[in-house]
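Structure assessment
Single-letter residue listing:
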Amino acid sequence: MKTHLNIVLLTFLLPSILFGGGSSYSRYGVGDILSFGGNRSYALGGCGIATLHSEYLNQYNPAGLSKLLITQFSGAYENTTISSTSSAHGSAKYNTFGFQSFFIGIPISIDNGIALSLEYTPYSRVAYAIRKTTILNQATSTNTYYGTGGIALLGAGLSFSITDYISVGIKAVNYFGKNEQYIKADYDTYYDADYERSLYYNGFGATLGMMYENIGKDLGISSLENLTVGMIISPPSRLLADDITYYPTYDTSITKRKGNAYLPLSVGFGVTYNYKNMYHLVSDVQFQQWASAKQFGATDPNLRNALRFGIGCERLPQYRQPSFWQRTAYRLGAYYHATYLTINGHGIDEYGFTAGLGLPLGMVGKLDVSFQYGIRGTTSFNLQKDTFYRISLGLTVREQWFLQFEEE
Amino acid sequence: MKQYAVLLIVFVILTLSVLTSCVEAPNSVGSEVLPSSDSPVLQVDTIFATYHETKHFFSNNSLLNMFCVGRYQSYEAWGLLAFYNFPDTFANISVKSASLRLKACYHFGDSATTLSFRAHRLKKAWFSDSLTLDSLKFFPSEYYDTSTPLSLTFSQALGDTDYVYIDIPDTQMVRLWLQTEHDSLPYNYGLLLEPTNSTIIMGFSSYYALDTSATPLLIVEYEKNGIPYTFIHQTSTTRYLASAPNPALANSSLIYAQNGIPYRTIVQFDVSSIPNPSIINSATLTFTLNPAYSHFSTYHSDSILVSQVNVDGSLSFPWISISTVTTDTFGNRLYSVDLRTAVTSWVRNRYPAHIVVMGYGESASFTRFAFYGPDAPTALKPRITIVYTTR
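Each chain carries its own residue numbering, running from 1 in the written order of its sequence. Here the convention is simple: chains get letters from A, ligands get numbers from 1, in the order in which they are written. Residues qualify for local features only when their pLDDT is at least 70, as the model is predicted, and side-chain atom pairs are given and counted only at 80 or more; totals for whole chains, interfaces and linings, by contrast, use all residues. Excluded from the side-chain calculations are hydrogens and water; all other atoms, namely the structure's heavy atoms, are used.

1. Structural notes on the confidence of the model for chain B
Let me state the cut-off plainly: What pLDDT conveys is the predictor's confidence in a given residue, as a value from 0 to 100.
With 91% of its residues at a pLDDT of 70 or more, chain B has an overall mean of 89. Among the scores for the predicted complex, ipTM is 0.83 and pTM is 0.83.

What follows is the structure, given as structure tokens:
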């Protein structure tokens, strides 16, 4: 049994390998927000607020663990290829290969829907590398801009079933991380100039979740019997922030300031419809109030409120069937995301399509292979368009922890 | 079995993802998306000197490769010379004759004229003391024997590389030098050479001259137990004390670096127009020479040095920069110094924006540099051209 956990650890607890470069959009805010609700939701257009399942770990909604029957460990890695294009400078391709999440769900009381979760998940990522030659005051300067880092979260959650169909959950989260910027001006006739800026974040937050399963049964509406609704809310989180700028070459001056940075209010709603126990239709909408989020006492004019809408469809695995491919889950999805960025006076929008498979590994667990294709931004208005292809591999294994057996 | 096949597929996909991942060097795509606040801004500013003061500074030249004697115009230099570290074999000797051999290596003034000096017996240590010519003149009997003059005198015209042998008639004094065990007090403080001419200052090679054949020699003919011997000794120490009026008395608006004495000038600047923190990419200090008040001599080094001065006027030499010399389109000689490190420390408020200007090799000549000061026309003022980067 413990070999299953070892497999997950060996395969997925590898250090993230972040190759140089990425989208310039990650320069803003806290970086690219990585929305990961679990291996299954990744292929369902990123939906999962209202998905209840005994086989899958719901990383969006802590109430979604109330149906967990067995301890599960889940890890995921993602490979992203981005092709960035601008009208002025053509296109460039970047690749990142990074750790997505590690999640543990432990059922404590199946009858009461009590389950405990622990997770480590990247929340945002900064990765860009730009070089441009320009003329400054009659001197030729080759300017290089690097950005790296991100914020991650450590979370601990708890679910509880109030009734047979209503579950609630809470997750406490510690956000921490560092974003770094490095800027160098290499002059042809003068000594160069370079800056290193590091932004450190540390703070706590929470997510509250609720699910109402088979809502039609309680309401007496037969057409809604197989409908589940879910809701999550994350209040604003205050992070302690340190902003340190360092002048490395020829000088060791450091300027520092301390303050607060806020992750905004986030609200999400989701619905899932179970069709004849063969198909799940899912849809989510999430809202984040970034326009009023402050960092060091000021809002960022490049941030706006974000809205994400997704839909998905899953052909459920037929576990009683002998065929491997009949026991496989098939998933499709799509999403539209008005991201939290507004640059050069224009909001940056993203849309994409998702697909994936949930491959059975017998009693061991599942392997989820997911694929995303999306487009963000535009080449108009002096902006850039990112076309990305993502492959995610998620492994879920099961372990029998804390199960009680009746004595004969 | 299929489970392990699936895991194998996972491993292969992961490995391929790593191996085939592309890395593209930084390029310009996305540069227009970056905020303008990220872009470095290069600016150029010129600041001018706000204050200057020429002062006399103490300089112990005992480790220099030459020492000077003579007088020229308002300059004068007195030489000090002592031989020491004699072997302990001169008990019961009789000194028959003694002479001093010196090699000329420098002159300041009229080269065709005669150098004249007379010698005194020094009676106080001077090797590391902050002795000045003024204090020597004010308290002569404290430093040398004024009651018993020596017979040693010199008067001769010399070329710049001539060897000269000077008789020391005062053989009793020489015998006491030789018989001083372990150079103990009070017999061996050497000679003070007082100039008696007025048209030239000569420089003679010291013990630290690069050419070891040019160092001063003491040549002694003596007898011991009736047997004649010749003893030649090289180990010596020298120094010279020089004085001249502060050149600022002639024209206080100028900035001076007077070698030999020396006089140096403290110059102050105001860098408040440069934002902190800025990255200083270039800072060049430029002085314009005023040839009418400058005085160059043979063998002079046509360079100045610039270093940091503390608020209290003390020198700490955290950095020192040497000038380069160019000529502008109007024929003015410009002395430029790289002050990038200094200006960086000023902008960061680590040091005050005060510098001291002095001659390069200031003990090895009597060259005088005179530069236009803060009151001069803008094109001639001392200035620092600063190129800096902000965001």
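Right, picking up where we left off after that structure.
2. Observations concerning the nonpolar core
Residues and elements named next belong to chain B. Counted only if it meets this: Only buried Ala, Val, Leu, Ile, Met, Phe, Trp, Tyr and Cys residues count toward a nonpolar core, and they belong to the same one when joined by side-chain atoms within 4.5 Å. Three exposure classes are used, based on accessible area relative to the maximum for each residue type with a 1.4 Å probe and protein chains only: buried under 20%, partly exposed in between, and exposed over 50%. Note on conventions: DSSP H or I runs of at least 4 residues are helices, E runs of at least 2 residues are strands, and numbering of each starts at the N terminus. Residues count as neighbours in contact if any of their non-hydrogen atoms are within 4.5 Å of one another.
Of all hydrophobic cores here, the largest spans 50 residues; its most connected members are Leu 178, Phe 204, Val 220 and Phe 366. Examining the composition of this core, we find that eight residues originate from one element, strand E4 (residues 93-109), more than from any other. Leave out the neighbours within four places in its chain, and Phe 204 touches Asn 65, Met 66, Phe 67, Leu 102, Lys 103, Ala 104, Cys 105, Leu 115, Leu 158 and Val 164. Ala 49, Phe 287, Leu 339 and Ile 355 belong to the second largest nonpolar core, which has 31 residues in total.

3. With respect to the interface of chain A and chain B
Heads up, the rule is: What gets called buried area is simply the loss in accessible area from a 1.4 Å probe that two parts show on being joined, summed for both. The salt bridge definition used is simple: a Lys or Arg side-chain nitrogen within 4 Å of an Asp or Glu carboxyl oxygen. Pairing of N or O atoms within 3.5 Å defines a polar contact, subject to two protein rules: one partner must be a possible hydrogen donor and the other a possible acceptor, and residues neighboring in sequence count only if both atoms are side-chain atoms.
In this assembly, 63 residues from chain A lie in contact with 41 residues from chain B. Roughly 4700 Å² of surface becomes buried between chain A and chain B when both sides are summed, with 66% attributable to carbon and sulfur atoms. At the boundary of chain A and chain B, one finds one salt bridge. Summed over the shared surface of chain A and chain B, the result is twelve residue pairs in polar contact (both at pLDDT 80 or more).

4. Here we look at the layout of surface pockets
Residues and elements named next belong to chain A. Rules: Throughout, the protein atoms alone are placed on a 1 Å grid, and a set of points is a cavity if a 1.4 Å probe fits but cannot get out or a pocket if it is open with protein on both sides within 12 Å along at least five of seven lines; lining residues have an atom within 4 Å of a point. Grid points are joined across faces, edges and corners, and a volume is the space filled by probe spheres set on the points.
In this structure, the largest pocket encloses a volume near 560 Å³. Lining the largest pocket are 32 residues, and of these Arg 27, Gly 29, Arg 197, Gln 295 and Asp 300 sit closest to its centre. When residues of the lining of the largest pocket are assigned to their parent elements, the largest contribution, four residues, is made by strand E11 (residues 254-263). The volume enclosed by the second largest pocket comes to roughly 470 Å³.

5. What about the packing of aromatic side chains?
This is how it is decided: Classification of ring pairs uses Phe, Tyr and Trp, with its six-membered ring standing for Trp, and accepts pairs whose centres are within 6.5 Å; under 30 degrees between planes counts as stacked, over 60 as edge-to-face, and the remaining range as tilted. Geometrically, a lysine NZ or arginine CZ counts as sitting over a ring once it is within 6 Å of the ring centre and also within 35 degrees of the ring normal.
Across all of its chains, the model carries 31 aromatic pairs over all chains by this definition. Between the aromatic rings of B:Tyr75 and B:Phe366, the centroid separation amounts to 6.1 Å while the plane-to-plane angle is 80°, which identifies the pairing as edge-to-face. Here the residue B:Tyr75 occupies a position in strand E3 (residues 75-83), and B:Phe366 occupies one in the loop between strand E20 (354-359) and strand E21 (368-371), the gap between them amounting to 291 residues. According to the relative accessible area criterion, B:Tyr75 is buried, its value standing at 1%. Note on B:Phe366: relative accessible area 0%, which makes it buried. Connected via pairs of aromatic rings, a cluster forms that spans A:Tyr77, A:Phe97, A:Phe99, A:Tyr120 and A:Phe176. Here the guanidinium or amino end of B:Arg340 rests over the ring plane of A:Tyr191, the centre of that ring lying 3.8 Å away.

6. Considering a nonpolar patch on the surface
Residue and element names in this part refer to chain A. Just so we agree on the cut-off: Patch criteria: residues need more than 30% relative accessible area and no salt bridge. Like-charged residues are merged within 9 Å; nonpolar side chains of Val, Leu, Ile, Met, Phe, Trp and Tyr are merged within 5 Å. Accessible surface is estimated by sampling points in the Shrake-Rupley manner with a 1.4 Å probe; for residues, cover comes only from the protein chains shown.
On the surface, a nonpolar cluster with roughly 480 Å² of combined accessible area is contributed by Ile 108, Leu 116, Leu 118, Leu 158, Ile 170 and Leu 208. Mapped onto the fold, Leu 118 is located in strand E4 (residues 114-122). You can call Leu 118 partly exposed: its relative accessible area is 38%.

7. A look at the side chain of A:Asn214
Residues and elements named next belong to chain A. Here Asn 214 shows up in the loop between strand E8 (193-212) and helix H3 (215-219). Assessed through its relative accessible area of 15%, Asn 214 is described here as buried. Beyond its immediate stretch of four places on either side in the chain, Asn 214 contacts Tyr 165, Leu 224, Glu 225, Asn 226, Leu 227 and Thr 228.

8. Quick word on helix H4 (residues 171-179) of chain B
All names here are of chain B. Test applied: Here, the arc refers to the directions that run from the helix axis to the C-beta atoms.
Within H4 the residues assigned to the buried category are Met 173, Val 174, Trp 177 and Leu 178. An end-on view of H4 places all buried positions within 140° of arc, on one side of the element. The inward-facing, buried residues of H4 contact E4, strand E5 (114-121), strand E8 (191-195), strand E10 (217-224) and strand E11 (227-233).

9. A look at helix H5 (residues 340-347) of chain B
Residues and elements named next belong to chain B. Within H5, seven of the eight residues are buried, leaving the element largely enclosed by the surrounding structure. Among the residues of H5, those classed as buried are Arg 340, Ala 342, Val 343, Thr 344, Ser 345, Trp 346 and Val 347. Positive backbone phi, approximately 65°, marks Asn 349, located one or two places after H5.

10. Topic: the environment of A:Ile375
All names here are of chain A. Looking at where Ile 375 falls in the secondary structure, it is placed in strand E19 (residues 365-377). Between the C-alpha atom of Ile 375 and that of Ile 82, which follows or precedes it by 293 residues, the distance is 9.5 Å. Residue contacts for Ile 375: discarding those within four places in its chain leaves Asp 349, Glu 350, Tyr 351, Lys 385, Asp 386, Thr 387 and Phe 388.

11. Comments concerning the pattern of salt bridges
The tally for this structure, following the rule as stated, stands at 25 salt bridges over all chains. Here A:Lys184 and A:Asp192 are joined by a salt bridge, their closest N and O atoms 3.3 Å apart. A residue is classified by how much of its surface remains accessible, and A:Lys184, at 24% relative accessible area, is partly exposed. As a salt-bridge pair, B:Arg264 and B:Glu362 come within 2.3 Å of each other at their nearest N and O atoms. Here B:Glu362 lies in the loop between E20 and E21 and B:Arg264 lies in strand E14 (residues 263-269), a separation of 98 residues in the sequence. Pair check on accessibility: B:Arg264 and B:Glu362 agree, each one buried. Three or more residues joined by partner-sharing salt bridges are found here, namely A:Arg40, A:Glu314, A:Arg331 and A:Asp368.

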